[in-house]
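Breakdown of the fold
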Amino acid sequence: MEPWLAILTGLLTACALYLVMCRNLVRIVLGTVLLAHAINLAVLTSGRLTRAIPPIAQGEGGVPETAANALPQALILTAIVISFGLLMSVLVLAVRLRRVLGTVDTDRFRAAEPPPDVAAAEDEHRRHEA
Amino acid sequence: MSAAWLLFLPIALPFAGAVLAFIAGRAGDRRAPQWVNVGTTALMTLVSLLLLSAVWRDGPQAIQMGGWAAPFGITLVADILGAVMVVITALSGLAVAVYAMADIDEGRAKLGWHALYLVLLAGVTGAFLTGDLFNLYVWFEVMLIASFCLLVLGGDKAQLDGGLRYVALNLVATVMFLMAIGLLYGLTGTLNMADLHVTLKTVDAPGLVTTIAVLFLGAFGIKSAVFPLFFWLPASYHVPPVAVSAIFAALLTKVGVYALIRLFTLVFTADVDYTHGILLVIAGATMVTGVLGAAAQNQVRKILSFHIISQIGYMVMGLALYTPLALLGAVFYLVHHIIVKANLFLVGGVAKRITGSFELDRIGGLYKAKPWLAVLFLIPALSLAGIPPLSGFWAKLVLIEASLEVEAWVIAGVALVVGLLTVFSMSKIWLEAFWKPHPDGDAAVGAVALTRGETVALVAPIVLLASITVIIGLAPQPFLDLAARSAQELLAPEAYVRVVLGGLP
């Protein structure tokens, strides 16, 4: 089972990185979601993969040797919550960017680092207003 | 106060302060959140100094959260490095909190700026004090979300655009970090750093361990903005209000450097030639690209942003050389750099308030109008470039001495040349902003008059940070002693491991 999950993780990561490197803002957001899933799968695989034996202590005997490892699942739970929170902030950002700049093409996002001529023009404009 | 409280309070205080600041802001009083912010950071400074003195006296301190013994529970632990970083976080946090009183407008304050700021500080201190890798990941995320919100709060175009660049690359970094954690856990079955120090020696899979180490290197490399992973930094640090830039410049990349130092002294020391060899090459390339990038810029905050990158190279160089003297230099450099860098951004902000712009082409005449500001700029600027007798001189001296000691001539040469180029950049700011007359005539300087309260809030933190720089420069011995003890602990972490694992072997 582990090799298959490892291959799946790799595939998901590859897709996610492709999406993150796209110019389209929506694809970037989707890429980050997929990336988080891929990593969660990797963490799950790195614990013991077993079926049908829950990690619950059986009286004096403690947890059975062959039980699933609960820790990676706890880690993933935390990671899911965090990545969900981040996803929400990124989505809000994406919506605001779309509204303010009027495009989802990241190549046309030049507000933070305007090309020199644009900066000069904006500057002139501001001076006029003042 | 017991060690447990001293370890717990630096994290709990800013969280409590954040809640208070938020409630106070909601209650409608405009000034209340500011004072909560300043009060909390002042208290943090006090507590963290107590923590440092306890660590200095009794060695590393640790507590197990919730009473779960390590390696099963989460451990908070402070050795000298951790404690020093917490002190410096609180100090720079206090300085910027005071500055923010005059810098953050009412709109941003109403949106919860002060609460977010304190959450950011909580994330940073948490990262410095935790002894557990997954917990470190959680603190990184706390930091990331808080810093992201601070970056875009207010929502003008440039801020949103810069925010996207910042968050996209940092997200990849934290995801890489999590992947490395997962693999490491699969290999060793533990995530407690002290326990990893012990167990990783018994794992017989050198290839896999090195792969994981390089994955961590990538994750923290993005965080600390080393070559070639630094692109997010100069694309985003110049867009938010000055107080945000200053606290980012002081702390965020340094958390990455701290994590690198921690992991590559405590956990990944099996293949030092390989991993630290990579680090050395990265260090050199980082210094050079950073300083060349700065030379090409013409805007105060962008120049300073690129200088953060080049300075990170010096710290990584200290770690890469991996000798007691080099680590001493790295720790000393961290402390010196945080103070100086925050201060330069603050001075840049005041210069903007007085002259009206960050663009060097459009400002000038500051020396004639405000000679005291010129002095306050020169102290951190010359210190950054490493001119004696300021703090940066000692930091660079120790690092270069360390590299000569192991006959690493190339990196020593690079460090010296980059120091010279730093002088070039600083003199560019000096000539353009301070020396040459203002392009719009003398009347344009100080056209917007600052009120007396504003002036105090803007200048007091600059004076505080500048005097720390001067004190470190004139009396470096206690600070060097502190860094030396820290280097000793890093290279021989037995005491750290013992205090975390308690009775376990």
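As the structure is a computational prediction, the values presented were derived from the model and not from experiment.

What follows deals with the interface of chain A and chain B. Counting residues at the interface gives 32 residues for chain A and 33 residues for chain B. For the pairing of chain A and chain B, the buried interface totals around 2,900 Å² over both sides, and the portion due to carbon and sulfur atoms is 76%. Of all residues in chain A, Leu86, Leu93 and Ala112 of chain A bury the most surface against chain B, accounting for 19% of the area lost on that side. For the pair chain A and chain B, the interface holds 0 salt bridges. For the pair chain A and chain B, the number of links is 2 residue pairs in polar contact (both at pLDDT 80 or more). Sorting the residues of the side of chain A that touches chain B by element identifies helix H2 (25-46), helix H3 (70-101) and helix H4 (116-129) of chain A as the ones contributing at least two each. Looking at the side of chain A that touches chain B, the element that brings in the most residues is H3 of chain A, giving 14 residues. Its residues assigned to classes, the side of chain A that touches chain B shows 19 nonpolar, 8 polar and 5 charged.

All names here are of chain B. When the terminal C-alpha atoms of helix H13 (residues 300-321) are compared, their 32 Å separation across 22 residues agrees well with the 32 Å that a helix rising 1.5 Å per residue should span. Where burial is concerned, most of H13 is hidden: 22 out of the 22 residues are buried. The positive-phi residue at the C-terminal boundary of H13 is Tyr322, with phi of around 55°.

Turning to unusual backbone geometry, a few remarks are in order. What you tend to see is this: most non-glycine residues have negative phi, and most peptide bonds are trans. Residues and elements named next belong to chain B. Of note, the amide linkage connecting Phe227 to Pro228 takes the cis form, showing an omega dihedral of -5°. For Pro228, the location among the structural elements is in the loop between helix H9 (206-224) and helix H10 (232-236). Of note, the amide linkage connecting Pro388 to Pro389 takes the cis form, showing an omega dihedral of 0°. Among the structural elements, Pro389 can be located in the loop between helix H16 (371-385) and helix H17 (391-405). Its identity as a non-glycine residue notwithstanding, Glu407 has a phi of 60°, on the positive side. Of note, Glu407 is situated in the loop between H17 and helix H18 (409-435).

Two measures define how a pair of helices packs: the angle their axes make with one another and the distance between the axes. Residues and elements named next belong to chain B. Closest axis-to-axis distance for the helix H5 (residues 113-129)/helix H6 (residues 133-152) pair is 8 Å, and the angle between their directions is 155°. When the axis of H5 is compared with that of H6, the two are roughly antiparallel. In this structure, H5 crosses over H6, and the sense of that crossing is left-handed. Counting all contacts with H5, which are made through Trp113, Leu116, Tyr117, Val119, Leu120, Ala122, Gly123, Val124, Gly126 and Ala127, the residues of H6 involved are Leu136, Trp139, Val142, Met143, Ala146, Ser147, Cys149 and Leu150. Here the contact of H5 with H6 is built from residues that sort into 15 nonpolar, 3 polar and no charged.

About the cut-offs
Residues numbered from 1 in each chain as written. Chains lettered and ligands numbered in written order. Predicted model: local features only at pLDDT ≥ 70, side-chain atom pairs only at ≥ 80, totals over all residues. Heavy atoms only, no water. Contact = heavy atoms within 4.5 Å. Buried area = accessible area lost by both parts, 1.4 Å probe. Salt bridge = Lys/Arg side-chain N within 4 Å of Asp/Glu carboxyl O. Polar contact = N/O pair within 3.5 Å; in protein donor to acceptor, adjacent residues only side chain to side chain. Helix = DSSP H or I, 4+ residues; strand = E, 2+ residues; numbered from the N terminus. Nonpolar A, V, L, I, M, F, W, Y, C, P; charged D, E, K, R; others polar. Expected span 1.5 Å × (residues − 1). Buried < 20%, exposed > 50% of the residue type's maximum accessible area, 1.4 Å probe, protein only. Axes fitted to C-alpha atoms, helices over the stretch in contact; angles between N-to-C directions. Parallel < 35°, antiparallel > 145°, perpendicular 65-115°, else oblique. Left-handed = near helix turned anticlockwise from the far one by under 90°.

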